[in-house]
Every structure is written in C-alpha cells, then in structure tokens.
Amino acid sequence: DDVQVAKKYFHNAHASRNTAQNRMNRELRSHLLEGTGYENSFCSDLLCQVDGFTSKELRQYYYQWSRPDLQAVVIVGDFDPDQVEMKIKTLFQTMPKAPAVEERSYERVQLPGCLQVLNATDVQASEARMTFHFRTQPMPDEFRSTSVYFLQDYLQGMTRFLLQERMEMSQQQSGIPIWGYQVQEGRFLGIQNQSSLKLGFATQPDSLDHAVLWTAR
C-alpha cells in the first residue's frame, strides 16, 4: 500500500506532540465542550483509525475537499495582477469539477455565558500554566474582505503588544517566577463561531498562589 510510509510518519508526529501540555488541553477541551461535536475531536483510538485507512479512502477524501471552490490563492510580489489572475483562472479551469459538490458545514457551538474555571493535571507536567480566555465576537464573514478586517487586526495587534508589555513590566517588579507569556487572539479552542483574547503564562507549581494574586493586580 502506498500510504504505509505516511502512516509511519503520522505515528512519529503524534508521539512528538503527545506532551503533558497537549494532554491537559485535551482534558480541558472535553470538559468544556461536553455534548458537542468538538468534545471528542481527539479520539483515544486515533492511531488505530489511521492505520485502518486505505489509499482509496485517503484519495477520496482529498478529491472531495481539496477542490478549487474551497481554496484560496495568495500571491505576493512584483507582477502584473491581471496577467497572473488570467494564468490562475486558466490553470483552475482545466480541473474537472466534482460530480456532486458537498458543502462544508461547521457546528455552531453555544457556550455558557458565565465564568468557568477549569483545571487539569498531568504526572509529567513540570510547570503550572494559567490561561485566561476573554471571549470576543468573531468577525462576520462579510467583513473579512473589507478594510474593516484590517483595521480590527491593527487594533488587536496594538492591544496584544501593550498587554504583553504590561505583563512583563509587572512581573519584573513583583519578582514572581513567571515565563512563557502568551497574548493571542483568534478562534476559541479552534471552534468556528467562537473567538477569544487569550492571556497565559507559566510559573513554578509552588508559586501558583502568588501568580494568581499577581494576575488580579
């Protein structure tokens, strides 16, 4: 079978990503998204399922979803836009259309509107990590190709920069061992219709109480 080599690569990639942090993230995800399609996005028998795939099934999946109407082509450089656009259209027009096009759909998850505190542990974890998610409204699809999207991206970038700078300055003044700052904005746990501003950091397990008080300042 011509996919056996790829299966071995997947096994190696899976082993390298099976870290304590990722295992705890999956545990938190299963608790928070219980009852939704995202709850079991990582199956315990994933490797067995991958090993059972045939070349025909993988090719069928590729031709079903890797098609021009679901692709985006981004070209950056010094060129004639009209000429390049014509070449792209000429190339894609030669591709045969799928006989029955299936529309890709995403589950709309409704999360509780109250404060939630979750925790997870792992015997191999060498640090304590705290993460705060401040849920935000995702950008509507109709604005993503307009100047509104770029304006919001600029404002969010400035906000992330100022927040991280403030966190670093505050940590230096407090002397609490804190590292691995994360200030990000995007999809909340990878859910299509949910977004959040994420603040996170790591500390020593015996300094966790001091770190919690530090975040309240």
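Look up: the structure comes first, before these words.
Residues numbered from 1 in each chain as written. Predicted model: local features only at pLDDT ≥ 70, side-chain atom pairs only at ≥ 80, totals over all residues. Heavy atoms only, no water.

(A) How the structure looks around the nonpolar core. Membership of the largest hydrophobic core is limited to 10 residues, which are Met130, Met167, Ile176, Ile178, Tyr181, Val183, Leu199, Phe201, Ala211 and Trp214. Broken down by secondary-structure element, the contributors of at least two residues to this core are β2 (178-187), β3 (195-203) and α7 (208-215). With 3 residues, β2 is the single largest residue contributor to this core. Not counting residues up to four positions away in its chain, the partners in contact with Leu199 are Met130, Thr131, Phe132, Phe134, Leu163, Gln182 and Val183. Grouped together as the second largest cluster of nonpolar side chains are 7 residues, Tyr38, Val109, Leu111 and Ile191 included. (Core = buried A, V, L, I, M, F, W, Y, C linked by side-chain atoms within 4.5 Å. Buried < 20%, exposed > 50% of the residue type's maximum accessible area, 1.4 Å probe, protein only. Helix = DSSP H or I, 4+ residues; strand = E, 2+ residues; numbered from the N terminus. Contact = heavy atoms within 4.5 Å.)

(B) Fine view of helix α2 (residues 20-32). For α2, with 13 residues, the first-to-last C-alpha span of 19 Å sits near the 18 Å given by 1.5 Å per residue. Taken as a whole, α2 has its buried residues at Ala20, Met24, Arg29 and Leu32. (Expected span 1.5 Å × (residues − 1).)

(C) Spatial organisation of the layout of surface pockets. There is about 370 Å³ of room inside the second largest pocket. What lines the second largest pocket is a set of 14 residues, and nearest its centre among them are Arg67, Pro68, Met95, Pro96 and Lys97. Elements with a contribution of two residues or more to the lining of the second largest pocket: α4 (55-65) and α5 (81-93). The residue inventory of the lining of the second largest pocket, partitioned by class, reads 8 nonpolar, 3 polar and 3 charged. (1 Å grid on protein atoms, 1.4 Å probe; cavity = no way out; pocket = protein on both sides within 12 Å on 5 of 7 lines; lining within 4 Å. Points joined across faces, edges and corners; volume = space filled by probe spheres on them. Nonpolar A, V, L, I, M, F, W, Y, C, P; charged D, E, K, R; others polar.)

(D) Expanded view of helix α1 (residues 4-17). When the terminal C-alpha atoms of α1 are compared, their 20 Å separation across 14 residues agrees well with the 20 Å that a helix rising 1.5 Å per residue should span. Those residues of α1 not exposed but buried are Lys7, Ala13 and His14. The arc that holds the buried residues of α1, viewed along the axis, is 120°, so those residues lie on one side. Opposite the packed face of α1, turned more than 90 degrees from it, sit the exposed residues Val5, Lys8, Tyr9, Asn12, Ala15 and Ser16. Packing partners of the buried residues in α1 comprise α3 (46-52). (Arc of directions from axis to C-beta.)

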